[in-house]
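Summary of structural features
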Amino acid sequence: MRFSSPTSSDGVTEQPFTLDEVPGVLWTPEDARGTRPLILLGHGGGQHKTAPGTASRARRYAAEGFAVVAIDAPHHGDRPQDEKFGRITAEMRAGMAAGYVRAEGARQLRGWASRVIAVMVLDMTNPFFTALASGVKQAAREADLGVMVCTGAHDPTEAARHLSLITSHQVRGAVLASGEGVGHTVAAFRRNAVPFVLADQYAPQPAACSVGIDDVAGGQAAVRHLLERGHRSLAYVSGPDRLQQVRDRRRGALTAISESGLPPTALRELSCDALTVTAGKDAGHRILGLPERPTAVFCANDLLALGVLHALYEAGLRVPDDIAVVGYDDIEFAASAVVPLTSVRRPASAVGRQAGRLLIEDTAHGIRHTHRHVVLQPELVVRRSTLAAPAR
């Protein structure tokens with residue numbers, strides 16, 4: 001969409017322009033159809049007098065949610081050409097019907113920087129994402145910024161709603177840690193020119209920074225530990241295969257199996273639809289029903305592992321004497337379980353903190369930023385759930 005601007009100080013002439021050509025305006029598109037609504041008010045630059053009523057009109061439009069930008073306006077004597085600006089604002093109002101989003105206040109002038117960043121996570125009931133968001137908040141505090149936390153990003157409808165809130169409230173940028181469906185989220189953020197950093201995933205591309213964890217190495221360490229304890233029949237309780245993290249942990253586990261000289265069938269996979277305690281308990285019941293029960297279980301996260309422990313405990317099995325269990329993430333509950341859980345520690349808070357700092361650096365005015373891709377290493381934490389020889 002193009003608009004007309006009065007540009008001549010002698011009489012009134014009109015010259016077409018687009019929003020990205022307006023001096024002193026910082027704008028972001030809501031979607032492919034348009035940009036935020038702006039109200040252009042003349043203030044009579046140069047030798048001209050200030051246009052009467054400009055301040056009151058600016059307040060009125062700002063109260064309605066428009067961004068207000070003052071530009072030089074032509075005068076004829078002491079009479080501003082308000083009728084031309086009336087036509088501009090009418091066109092701007094019409095633009096809203098064509099996909100322009102209402103801005104929250106007049107904060108579009110170049111040089112203005114939001115004091116809020118966002119973090120989008122898969123599920124705040126998962127302690128890993130809670131710790132990640134806490135890391136983002138720590139980075140924000142260091143820069144005297146606030147944080148908007150958005151959850152349920154796996155749902156496309158929720159993700160779209162979050163993006164609308166982020167754009168309409170002029171959030172500085174977002175840390176995206178949604179996991180599944182992140183490709184669609186990234187595309188929407190790019191389309192809307194909202195800066196972002198990917199967290200808990202790797203983005204080998206020049207368009208954004210990312211902070212990930214080497215989950216292949218983590219899965220390899222978990223299964224290697226079980227093999228070193230003498231286990232030769234293992235199970236992998238996995239989560240939704242659409243999650244890259246779940247696939248990477250499986251790949252690491254199979255690498256350890258291969259290195260030991262065992263066939264891939266030595267690792268039996270039991271898939272789950274969710275990474276929850278309930279799903280883990282169901283997987284535990286399935287393990288109990290196997291004709292040949294494994295001597296060790298590696299779970300894709302700690303919540304699954306806690307569910308497996310619950311099912312084994314109800315069935316009267318001893319952990320680790322009858323069956324060993326390894327989790328992943330090393331959430332707070334892992335160490336305080338009835339049988340303290342061996343787990344692969346993922347530095348969730350460090351991921352969030354690093355991602356937040358990269359986002360703040362990327363969106364800071366006057367700082368040249370080069371996108372970086374950071375990979376952090378997980379750490380195996382051995383506890384009582386694996387400290388016994390396998391049953392013979």
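Report on the accompanying structure. Computed from a prediction, not measured in an experiment: that's the story for all the values here.

Moving on to the overall build of the protein. Counting its regular elements, the protein contains 11 helices and 18 strands. Burial statistics for the protein: of 392 residues in total, 52% are counted as buried. By sequence separation, contacts in the protein at least 24 residues apart represent 74% of the contacts at least 6 residues apart. Taken as a whole, the protein presents about 17500 Å² of accessible surface, with 52% of it coming from carbon and sulfur.

Take the packing of aromatic side chains next. Per the counting criterion, the structure on display carries four aromatic pairs. The interplanar angle of 80° and the centroid separation of 6.3 Å between the aromatic rings of Phe189 and Phe196 together place this pair among those described as edge-to-face. On the basis of an interplanar angle of 25° and a centroid distance of 5.2 Å, the ring pair of Tyr236 and Phe298 is categorised as stacked. With a gap of 62 residues between them, Tyr236 in strand β12 (residues 234–238) and Phe298 in strand β14 (residues 296–299) connect regions that are remote in the sequence. Phe298 matches Tyr236 in its accessibility class, with the two residues each being buried.

Glancing now at helix α7 (residues 244–259). Between the first and last C-alpha of α7 there are 22 Å, a value that for 16 residues agrees with the 22 Å anticipated at 1.5 Å per step. For α7, the elements touching its buried residues are α6 (215–228), β12, β13 (267–271), β14 and β15 (324–329).

Now for the packing of helix α3 (residues 127–142) against helix α11 (residues 348–363). One can describe the packing of α3 onto α11 by two numbers: an axis separation of 6 Å at closest approach and a directional angle of 40°. Here α3 lies oblique to α11, going by the angle between them. The two elements α3 and α11 meet at a crossing, and its hand is right-handed. Taken together, the residues of α11 that come into contact with α3 (itself represented by Phe128, Ala131, Leu132, Gly135, Val136, Gln138, Ala139, Ala140 and Glu142) are Ala348, Ser349, Val351, Gly352, Arg353, Gly356, Arg357 and Ile360. Looking at side-chain class alone, the contact of α3 with α11 contains nine nonpolar, five polar and three charged residues.

On the basis of which strands lie adjacent, the open sheet formed by six strands has the order β13-β12-β14-β15-β16-β18 and mixed pairing. Two strands in the sheet have a free side with no partner beyond their single neighbour: β13 and β18 (379–381). With strand direction ignored, the average angle separating the axes of adjacent strands in the sheet is 20°. Direction of pairing for β14 relative to β15: parallel, over a ladder of three bridges. Looking across to β15, one finds that Val297 is bridged to Val325. Along the sheet, helix α8 (residues 277–288) makes contact with β12, β13 and β14, crossing β13 at roughly 135°.

Right, let's get into the pattern of salt bridges. Under the defined criterion, the tally for this structure stands at 17 salt bridges. Across the salt bridge formed by Asp215 and Arg346, the nearest N and O atoms sit 3.0 Å from each other. Separated by 131 residues along the polypeptide, Asp215 in helix α6 and Arg346 in the loop between β16 (342–345) and α11 bring together distant segments of the chain. Across the pair, exposure class does not vary: Asp215 and Arg346 are buried alike. Note that Arg372 and Glu361 form a salt bridge whose closest N and O atoms lie 3.2 Å from each other. Residue Arg372 is found in the loop between α11 and β17 (373–376), and its partner Glu361 is found in helix α11; the two are separated by 11 residues along the sequence. Look at Glu361 and you get partly exposed, because its relative accessible area is 26%.

Counting 46 residues, the largest nonpolar core has Val223, Leu234, Val237, Phe298, Cys299, Leu304 and Val325 as the members making the most contacts within it. Going through the elements one at a time, α6, β12, α7, β13, α8, β14, α9 (302–314) and β15 are the ones with two or more residues in this core. Tallying contributions element by element places α9 first for this core, with seven residues. If we skip the residues at most four places from it in the chain, Val223 touches Leu234, Ala253, Ala256, Ile257 and Phe298.

This paragraph deals with the environment of Asp248. With respect to the secondary-structure elements, Asp248 resides in helix α7. The exposure class of Asp248 is buried, given its relative accessible area of 14%. For Asp248, the contacting residues outside a window of four places in its chain are Asp215 and Val216. Of note is the side chain of Asp248, whose polar atom sits 2.7 Å from the side chain of Gln244.

Topologically, Ser238 is positioned in strand β12. Within the structure, the side chain of Ser238 is placed 2.7 Å from the side chain of Glu269, a separation counted as a polar contact. The contacts of Ser238, once residues within four sequence positions are left out, are Val246, Glu269, Leu270, Ser271, Cys272, Ala300 and Leu304.

Before going further, it helps to spend a moment on the pairing of strand β11 (residues 209–213). For a regular strand, side chains alternate in direction, first toward one face of the sheet and then toward the other. Of all five residues that make up β11, five are buried, and the element is covered over most of its length. The alternating pattern of β11 places Cys209, Val211 and Ile213 and Ser210 and Gly212 on opposite faces, both of which are buried.

The rules we used
- Residues numbered from 1 in each chain as written.
- Predicted model: local features only at pLDDT ≥ 70, side-chain atom pairs only at ≥ 80, totals over all residues.
- Heavy atoms only, no water.
- Helix = DSSP H or I, 4+ residues; strand = E, 2+ residues; numbered from the N terminus.
- Buried < 20%, exposed > 50% of the residue type's maximum accessible area, 1.4 Å probe, protein only.
- Contact = heavy atoms within 4.5 Å.
- Areas by Shrake-Rupley, 256 points an atom, 1.4 Å probe, with all protein chains shown as cover.
- Phe/Tyr/Trp six-rings, centres within 6.5 Å; stacked < 30°, edge-to-face > 60°.
- Expected span 1.5 Å × (residues − 1).
- Axes fitted to C-alpha atoms, helices over the stretch in contact; angles between N-to-C directions.
- Parallel < 35°, antiparallel > 145°, perpendicular 65-115°, else oblique.
- Left-handed = near helix turned anticlockwise from the far one by under 90°.
- Nonpolar A, V, L, I, M, F, W, Y, C, P; charged D, E, K, R; others polar.
- Pairing = 2+ DSSP bridges.
- Salt bridge = Lys/Arg side-chain N within 4 Å of Asp/Glu carboxyl O.
- Core = buried A, V, L, I, M, F, W, Y, C linked by side-chain atoms within 4.5 Å.
- Polar contact = N/O pair within 3.5 Å; in protein donor to acceptor, adjacent residues only side chain to side chain.

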